[in-house]
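Summary of structural features
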Amino acid sequence: MLGGVIDEQQGQLTYSIGGHLPLPVLYSEGEALYLNGRGLPVGLFDQAEYSDHVLKLPESFSLTLLSDGILDLLPGDTLQDKELALPRLVSSAGGTLDGLRQVFGLANLADMPDDIALLVLSRNLA
Amino acid sequence: MNPGMNPGRIQFAEQDGTFVLKFVGEVRLTLCSALDATIEKIFTALNFSAIVIDLTETRSIDSTTLGLLAKLSILSRQKIGLLPTVVTTHPDITRLLQSMGFDQVFNIVDRPIPCPDSLADLPSQDQSEEVVRAKVLEAHRILMGLNESNREAFHDLVSALEHH
């Protein structure tokens, strides 16, 4: 799980990660990067503490949030390969939801072992 | 064999109160009711003293299994005040555990544990009573400094040694 608040006036994102893979991907001007962070799964541990990460948002960006079911679709044999592939795929999709639909071939999926949830937030994307 | 088709299994052993769970292959929710029953068995065992989870031959763990690992950690802390030990040598598994913050709730060992053959006994040394008393005093002063309940538990011992 992860949570975040976007302050539109300050143009910044404050977020926190509660045990989530893959991490969110920030796309801007052709480049895609993971947002950093980690934390215990939410709701299990009494002593869990979470830290806020603050990030200045570019004028033009998209933020891609995915459930772990996407790992079954990403190319590669290892988690490391799959994590490496994701930002590249977001870049080649131009950071858009439609682009990702095509890159992942979501319209033509056969039975998958896990559910796949995908959310793309964007601002001023060309 | 195609590693993607590895069905996964969980092995279990116990010796003198140390319980060992070994996850092999792709461990998914199909194994979880058996795992949950085993966890219940471990924590109702009267001689329970430690738990080690061997993930060195684990290919993947799904979120349901991660939830049960979390349960193991919580129960171990409640019952004996100690965190379980997890052994992981596969970079993907280590990455997964770290992304979930499990390094806070498990003792994670990321290299194989040396085999018993490679362990050597510490040499025993004859020490004077004076030296031994000083060592015992030092160790218990450190323990007292750790927390309040230790302070109470060792108070009498430390003052007896100090006044000896």
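In what follows, the accompanying structure is described. (Residues numbered from 1 in each chain as written. Chains lettered and ligands numbered in written order. Predicted model: local features only at pLDDT ≥ 70, side-chain atom pairs only at ≥ 80, totals over all residues. Heavy atoms only, no water.)

**Let's talk about the overall build of chain B**
The helix and strand inventory of chain B stands at five helices and six strands. Along its sequence from the N terminus, chain B presents helices and strands in the succession β-β-α-β-β-α-β-α-β-α-α. The C-alpha atoms of chain B give a radius of gyration of 21 Å, which is well past the 15 Å a tight globule of 164 residues would have. Buried positions account for 34% of the 164 residues belonging to chain B. Sequence-distant contacts, at least 24 apart, represent 58% of the contacts inside chain B between residues at least 6 apart. Summed over all atoms, the accessible surface of chain B reaches about 10100 Å², with 55% contributed by carbon and sulfur. One way to put it: in chain B the 14 positive side-chain charges average out to a point 7 Å from where the 21 negative ones average out. (Helix = DSSP H or I, 4+ residues; strand = E, 2+ residues; numbered from the N terminus. Rg over C-alpha atoms; globule rule 2.2 N^0.38 Å. Buried < 20%, exposed > 50% of the residue type's maximum accessible area, 1.4 Å probe, protein only. Contact = heavy atoms within 4.5 Å. Areas by Shrake-Rupley, 256 points an atom, 1.4 Å probe, with all protein chains shown as cover. Lys, Arg positive; Asp, Glu negative; His and termini not counted. Charge placed at Lys NZ, Arg CZ, Asp CG, Glu CD.)

**Observations concerning the packing of aromatic side chains**
Applying the stated rule across the entire model yields five aromatic pairs over all chains. Ring geometry for Phe45 of chain A and Phe102 of chain B: centres 6.5 Å apart, planes at 75°, overall edge-to-face. Highlighted residues: Phe45 of chain A in the loop between β4 (31-34) and β5 (53-56) and Phe102 of chain B in the loop between α3 (91-99) and β6 (107-109), drawn from two different chains. Accessibility expressed as a relative area gives 1% for Phe102 of chain B, which makes it buried. Clustering of aromatic rings is evident, with ring pairs tying together Phe12, Phe19, Phe43 and Phe48 of chain B. (Phe/Tyr/Trp six-rings, centres within 6.5 Å; stacked < 30°, edge-to-face > 60°.)

**Digging into helix α1 (residues 79-92) of chain A**
Residue and element names in this part refer to chain A. When the terminal C-alpha atoms of α1 are compared, their 20 Å separation across 14 residues agrees well with the 20 Å that a helix rising 1.5 Å per residue should span. For α1, the set of buried residues is Leu79, Lys82, Glu83, Ala85, Leu86, Pro87, Leu89 and Val90. Looking at the residues trailing α1, positive phi occurs at Gly94, about 65°. (Expected span 1.5 Å × (residues − 1).)

**A look at the packing of α1 of chain A against α3 of chain B**
When two helices pack together, you describe them by how their axes are tilted relative to each other and by the distance separating the axes. Two elements in contact, α1 of chain A and α3 of chain B, have axes separated by 8 Å at closest approach and are oriented at 65°. Side by side, α1 of chain A and α3 of chain B meet where Leu79, Gln80 and Glu83 of chain A of the first sit next to Asp92, Arg95 and Leu96 of chain B of the second. A per-class count over the contact of α1 of chain A with α3 of chain B returns two nonpolar, one polar and three charged. (Axes fitted to C-alpha atoms, helices over the stretch in contact; angles between N-to-C directions. Nonpolar A, V, L, I, M, F, W, Y, C, P; charged D, E, K, R; others polar.)

**Things to note about unusual backbone geometry**
Looking along the chain, the bond that leaves Leu21 of chain A and enters Pro22 of chain A is cis, with omega of -5°. Among the secondary structure elements, Pro22 of chain A is positioned in the loop between β2 (12-17) and β3 (25-28). The phi dihedral of Asp16 of chain B is positive, around 50°, even though this residue is not glycine. Note that Asp16 of chain B resides in the loop between β1 (9-15) and β2 (18-27).

**Remarks on the interface of chain B and chain A**
Each side of the interface is counted separately: chain B has 18 residues, and chain A has 19 residues. Between chain B and chain A, a total of about 1500 Å² is buried, with carbon and sulfur atoms accounting for 54% of that surface. Together, Asp92, Arg95 and Met100 of chain B form the three largest contributors to the area buried by chain B at its contact with chain A, with a combined 32%. Our count for the chain B to chain A interface comes out at two salt bridges. In this structure, the salt-bridge partner of Glu83 of chain A is Arg95 of chain B, at a minimum N-O distance of 2.7 Å. (Buried area = accessible area lost by both parts, 1.4 Å probe. Salt bridge = Lys/Arg side-chain N within 4 Å of Asp/Glu carboxyl O.)

**Overview of the pattern of salt bridges**
Residue and element names in this part refer to chain B. Counted by the stated rule, this structure contains eleven salt bridges over all chains. In this structure, Arg141 engages Glu162 in a salt bridge whose closest nitrogen and oxygen atoms are separated by 2.8 Å. Remark: Glu162 occurs in helix α5 (residues 148-163) and Arg141 occurs in helix α4 (residues 129-146); sequence separation between them is 21 residues. When salt bridges with common partners are traced through the structure, they connect Lys22, Asp54 and Glu57 into a single cluster.

**Quick notes on the environment of Glu26 of chain B**
Among the structural elements, Glu26 of chain B can be located in strand β2. For the pair Glu26 of chain B and Met100 of chain B, spaced 74 residues apart in the sequence, the C-alpha separation amounts to 18 Å.

**So, the environment of Met1 of chain A**
All names here are of chain A. Looking at the secondary structure, you find Met1 in the segment before β1 (2-7). Under the relative-accessibility criterion, Met1 is labelled exposed at 57%. In this structure the C-alpha to C-alpha distance between Met1 and Leu23, which are 22 residues apart in sequence, comes to 9.9 Å. Discounting chain neighbours no more than four positions away, the residues touching Met1 are Ile17, Gly18, Gly19, His20 and Val42.

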